[in-house]
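What follows is the residue order along each chain.
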Amino acid sequence: MSATDHPRVQGFQADLFWRFCLQHYSLEGVSLACLQLQDEFQGNVNLALLLHWLDTQQYALSTTEIRQLEQALAATETQLTAYRQLRRNLKPQLDSAGYQQMIDFELMLEQNQQQDLISCLNHQAQQPRAALPPPADNLGQYCQRLEADNLALQIRG
């Protein structure tokens, strides 16, 4: 890959990341591991999937950059957590069509959160950087900090 092909020059695209997530999340065991990361370790699924996506591109982030991505989630994470709880609470009262509408809205919130992550990532990519630790293991770093090391392999699929 030449320097002109690197995402750092062109920018990361939210729609490519969304498509990656839809495909990757459907792999056997990935959704279960992601939900476990979310529910048991208070991890963020979108961030975990972004870090894995960057790992597949050999794009390493510093610990500071990962923390900046987490900070970029502050507002949307509060919204998503509250909405997710509301959806779970209302599930017994809704018919399948009503519940599907709630899931569709939650997916829209997830997509908005992913756009916030990509925006932050693209901002970071424009900043001068120190040498990065090769090879990229962004997801491993994140899971280790959450004390969920065992989930990194499962999330990778």
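Report follows, based on the coordinates. These figures come from a predicted structure and were not determined experimentally.

Thoughts on the environment of M102
Here's step 1: As for its placement among the helices and strands, M102 is situated in helix α7 (residues 96-125).
Here's step 2: A residue is classified by how much of its surface remains accessible, and M102, at 10% relative accessible area, is buried.
Here's step 3: The spatial distance from the C-alpha of M102 to the C-alpha of L90 is 9.4 Å, given a sequence separation of twelve residues.
Here's step 4: Filtering out sequence-adjacent residues up to four positions away, M102 remains in contact with Y83, L86, R87, L90 and L94.

Side note on the packing of helix α3 (residues 30-41) against helix α9 (residues 149-156)
Here's step 1: The N-to-C vectors of α3 and α9 enclose an angle of 150 degrees; their axes lie 7 Å apart at closest approach. In terms of orientation, α3 lies roughly antiparallel with respect to α9. For α3 against α9, the interelement crossing comes out left-handed. From α3, V30, A33, C34, Q36, L37 and F41 reach across to α9, where they touch L151, Q154 and I155.
Here's step 2: Looking at the contact of α3 with α9, its residues break down into seven nonpolar, two polar and no charged.

Details of the state of the cysteines
Here's step 1: Evaluation of the coordinates by the stated rule reveals zero disulfides.
Here's step 2: Cysteine C21 shares no disulfide, and the gap to the nearest cysteine sulfur, in C34, comes to 8.6 Å.
Here's step 3: The exposure class of C34 is buried, given its relative accessible area of 0%.

Focus: unusual backbone geometry
Here's step 1: Positive phi, close to 55 degrees, is recorded for Q42, a residue that is not glycine.
Here's step 2: Inspection of the secondary structure assignment puts Q42 in the loop between α3 and α4 (45-56).
Here's step 3: Unlike most non-glycine residues, E147 shows phi in positive territory, near 60 degrees.
Here's step 4: Turning to its location among the elements, E147 is positioned in the loop between α8 (138-145) and α9.

Some remarks on the side chain of Q114
Here's step 1: Here Q114 shows up in helix α7.
Here's step 2: Once you skip the residues sitting within four places of it in the chain, Q114 turns out to touch F17, W18, C21 and N46.

What about the nonpolar core?
For soluble globular proteins, nonpolar side chains are generally found buried alongside one another.
Here's step 1: Counting 34 residues, the largest nonpolar core has L37, L50, L69, L121 and I155 as the members making the most contacts within it.
Here's step 2: Elements represented by at least two residues in this core include exactly α2 (14-25), α3, α4, α5 (63-72), α7, α8 and α9.
Here's step 3: It is α4 that provides the largest number of residues to this core, a total of eight residues.
Here's step 4: Each residue touching L69, except ones within four places of it in the same chain, is listed here: L47, L50, L51, L61, L117, C120, L121 and Q124.

Conventions and cut-offs
Residues numbered from 1 in each chain as written. Predicted model: local features only at pLDDT ≥ 70, side-chain atom pairs only at ≥ 80, totals over all residues. Heavy atoms only, no water. Helix = DSSP H or I, 4+ residues; strand = E, 2+ residues; numbered from the N terminus. Buried < 20%, exposed > 50% of the residue type's maximum accessible area, 1.4 Å probe, protein only. Contact = heavy atoms within 4.5 Å. Axes fitted to C-alpha atoms, helices over the stretch in contact; angles between N-to-C directions. Parallel < 35°, antiparallel > 145°, perpendicular 65-115°, else oblique. Left-handed = near helix turned anticlockwise from the far one by under 90°. Nonpolar A, V, L, I, M, F, W, Y, C, P; charged D, E, K, R; others polar. Disulfide = S-S within 2.5 Å. Core = buried A, V, L, I, M, F, W, Y, C linked by side-chain atoms within 4.5 Å.

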